[in-house]
Every structure is written in C-alpha cells, then in structure tokens.
Amino acid sequence: MFIQTLPHENEDRMKFLPGRQVLATGSILFEDEKEGRARSPLAARLFDIPGVRSVELGEDYVTIVKLTDDEHKTLWIQLKPMVLAAIMDHYMSGMPVLNGDQQVASASYSEDDQKIVDSIVDLIDTRVQPQLREDGGEVAFKSFDPTEGVVVLEMDSSGLSTPAFGTQIKIENTLKHYVPEIHRVRFERMVEEEAASATDRPGLQTEEADQIRVLLETRINPAIAAHGGYITLIDIKDNTAFVEMAGGCQGCGMADATLKQGVEVEIKSAVPAIERVLDVTDHAGGANPYYVGY
C-alpha cells in the first residue's frame with residue numbers, strides 16, 4: 001500500500017492520500033478529539049498520535065492538522081511516519097472508516113485493480129513527482145476507473161516553469177508506458193486550489209460552468225489535442241466565459257481564429273446563457289508557443 005503526502009502552505013497541515021476510498025461522499029472534520037474517537041475508528045487511531053490537533057476525512061484523503069510548535073514540540077519528520085502507519089494499520093484491520101458505516105474502508109478496488117492502483121501510485125512517487133516538484137508543480141493520484149482505464153490525477157501546475165499541457169502529456173505517456181491498463185489520464189486541480197477558486201470565482205460553481213467543462217473535455221480539447229492545444233475555463237461573469245489557451249495554443253498565430261470561429265461558436269451553441277467567450281492567455285509569455293512533440 002502506497003500513501004502519498006501533500007504539504008500545505010500552512011506548515012501545520014498535511015494531506016495523506018491512501019490511494020483508496022476513505023468516505024463514499026463528502027468530508028467530515030473532527031476538531032474535537034472525543035467526537036472523532038466516538039464516530040470514527042480511523043480518526044481514533046490518528047488521535048492516538050501525540051501532537052495531532054484535528055482530523056479531516058474526505059472521499060480520497062485524510063488531512064491532519066498538528067499542534068503548533070508552541071503547543072507541542074512535534075515536527076512532521078517525527079509525526080508523518082506515525083500517521084502513515086496509523087492509516088495503513090486501519091486499512092489492514094478491515095474496520096469501517098465511520099462507526100455504523102456498512103462500507104469496509106478497503107473495499108474501494110478489487111484485489112487485481114488494487115495492484116494496478118499501487119503501481120500507479122508507486123510510479124507517481126518514484127518517477128513523476130520528484131521531477132515535477134523540481135519544476136515547481138505537485139501531482140497526486142485521485143482515482144482509477146478499471147472499466148474505462150481512466151486515471152484521475154490532482155495537479156497543481158501554478159508554479160510550473162513550463163507549459164502545463166506539455167507536462168501533462170509527459171505524465172500520461174509515462175503512466176501508459178509502464179501500466180498498459182491505462183488508456184487515458186485526466187487532470188484535476190488539487191482540492192485546496194479548487195476551494196480557493198470557489199471563493200474567488202463563484203462563476204465556476206454554476207451549471208453553465210459544468211456544461212462548459214464537459215464540452216471542453218469531451219469535444220473541444222480532444223479536437224485540438226493533435227496540435228498540442230488545451231483550453232481551460234477560468235471564470236464566468238455576466239454571461240461571459242473566460243478561458244485560457246495552453247500548450248500549442250499559447251502564442252499561436254491562429255489562436256484568435258480558433259477561439260472565435262471554433263471554441264466560441266461551440267460554447268455559445270451548447271450553453272445559450274453565454275453571450276461571448278474571452279481569451280485571458282498571456283500569448284507573449286509562452287516559453288514553447290508551438291507544439292513540437294514530446
């Protein structure tokens with residue numbers, strides 16, 4: 001079992017991704033130790049660790065907030081191994097995550113599918129993440145659909161020095177090379193980044209935004225992927241959709257034509273509430289404006 005860790009900008013907070021389902025849906029925050037022990041065998045194990053302040057359980061993650069250095073002299077270098085061991089022990093025990101919960105915590109994947117998931121997580125930990133972190137990014141496994149062969153990864157590309165789309169192509173090619181059961185890799189923003197977006201850009205939480213994302217994912221991006229292009233919805237305000245064009249579209253002389261004659265027409269047709277589509281891409285800043293292959 002491979003458990004990934006993701007540090008947070010708040011140094012007292014860290015996310016752990018076991019590569020298995022934690023909760024069937026939603027999330028639960030236990031700030032009160034007594035409540036956590038009463039409701040969750042997993043939280044009880046984690047609260048047994050000295051220095052743990054709170055435990056949050058999500059669909060595919062466990063987030064730990066430790067006591068501050070002023071309250072308890074516990075560093076992550078000491079705490080992290082104990083948290084990893086507690087999470088692993090819980091899954092080995094077969095106990096439910098929540099008391100009264102009929103789902104068994106480790107029942108997310110079959111035995112064969114779990115071996116594939118473990119291989120994916122190991123590849124990310126040993127080959128993908130070290131290089132990506134050097135380039136200023138972060139990536140983590142979120143889920144695997146064995147029926148469709150689709151892997152979903154959470155990725156923070158905000159600090160990358162190279163175009164995100166090219167990096168995503170490299171990651172997908174690496175995973176597909178070593179794990180033939182993978183047919184496609186889908187990238188999502190990390191949970192913390194999504195939460196910030198929900199606050200700063202409420203337009204992303206609308207039904208229109210969901211419709212545009214589906215359109216981009218299923219029709220527009222597959223069509224321009226052959227040229228290394230990739231388009232992301234940035235926000236919706238006053239019936240205007242703001243998009244960013246990356247990869248081969250960034251800096252391309254045909255970007256405006258692609259947007260006006262193709263993308264905007266498709267979006268306005270599929271989502272009548274949208275009256276115009278604006279490009280917010282910094283086309284002059286593309287380090288690799290034309291796709292040359294990877």
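Relevant structure appears above.
Note that the structure is a prediction, hence the values are computed from the model and not measured.

Q: How would you sum up the nonpolar core? Please name residues and give values.
A: If you look at the biggest cluster of nonpolar residues, it comprises 25 residues, and the most contacted ones within it are Leu 46, Val 55, Leu 57, Val 62 and Ile 64. Elements that contribute at least two residues to this core include exactly strand 2 (13-17), strand 3 (28-30), helix 2 (41-47), strand 4 (52-57), strand 5 (62-66) and helix 3 (76-93). At 6 residues, helix 3 tops the list of elements feeding residues into this core. The next biggest cluster of nonpolar side chains, apart from the first, holds 20 residues, and it includes Ile 124, Leu 153, Met 155 and Leu 175.

Q: Let's hear about the pairing of strand 5: which residues, and what values?
A: Taken across its 5 residues, strand 5 has 5 buried, putting it largely inside the fold. A two-sided burial pattern is seen for strand 5, the buried positions comprising Val 62, Ile 64 and Lys 66 on one face and Thr 63 and Val 65 on the other. One ladder, built from 4 bridges, connects strand 2 with strand 5; its direction is antiparallel. Among the inter-strand pairings, Phe 16 is bridged to a residue of strand 5, identified as Val 62. Sheet topology note: the strand 4/strand 5 ladder contains 5 bridges and is antiparallel. Bridge assignment links Val 52 to a residue of strand 5, and that residue is Lys 66. Here strand 4 folds back onto strand 5 in antiparallel fashion, the turn holding 4 residues.

Q: Tell me about the side chain of Glu 56, residues and numbers included.
A: You can see Glu 56 is positioned in strand 4. For Glu 56, the side chain forms a polar contact with the side chain of Arg 13, separated by 3.3 Å.

Q: Before we move on, could you go through the pairing of strand 7 (residues 150-156) and cite the residues and values that matter?
A: Extensive coverage of strand 7 is indicated by the burial of 6 of its 7 residues. In the sheet, strand 6 (residues 138-145) pairs with strand 7 via 7 bridges, with the strands oriented antiparallel. Residue pairing across strands places Val 139 opposite Met 155, the latter belonging to strand 7. Connecting strand 6 to the next strand, strand 7, in antiparallel fashion are 4 residues, including Gly 149 with a positive phi near 70 degrees.

Q: Lay out the sheet that holds strand 3 with the relevant residues and their values.
A: On the basis of which strands lie adjacent, the open sheet formed by 5 strands has the order 1-2-5-4-3 and antiparallel pairing. Two strands lie at the open edges of the sheet, namely strand 1 (4-7) and strand 3, each paired on one side alone. Neighbour-to-neighbour, the strand axes of the sheet open up by a mean angle of 20 degrees, direction not taken into account. Here strand 3 runs beside strand 4; their pairing, made up of 3 bridges, is antiparallel. When the bridges of strand 4 are listed, Ile 28 appears paired with Leu 57. Along the sheet, helix 3 makes contact with strand 1, strand 2, strand 4 and strand 5, crossing strand 2 at roughly 30 degrees.

What counts, and where the lines are drawn
Residues numbered from 1 in each chain as written. Predicted model: local features only at pLDDT ≥ 70, side-chain atom pairs only at ≥ 80, totals over all residues. Heavy atoms only, no water. Core = buried A, V, L, I, M, F, W, Y, C linked by side-chain atoms within 4.5 Å. Buried < 20%, exposed > 50% of the residue type's maximum accessible area, 1.4 Å probe, protein only. Helix = DSSP H or I, 4+ residues; strand = E, 2+ residues; numbered from the N terminus. Pairing = 2+ DSSP bridges. Polar contact = N/O pair within 3.5 Å; in protein donor to acceptor, adjacent residues only side chain to side chain. Axes fitted to C-alpha atoms, helices over the stretch in contact; angles between N-to-C directions. Contact = heavy atoms within 4.5 Å.

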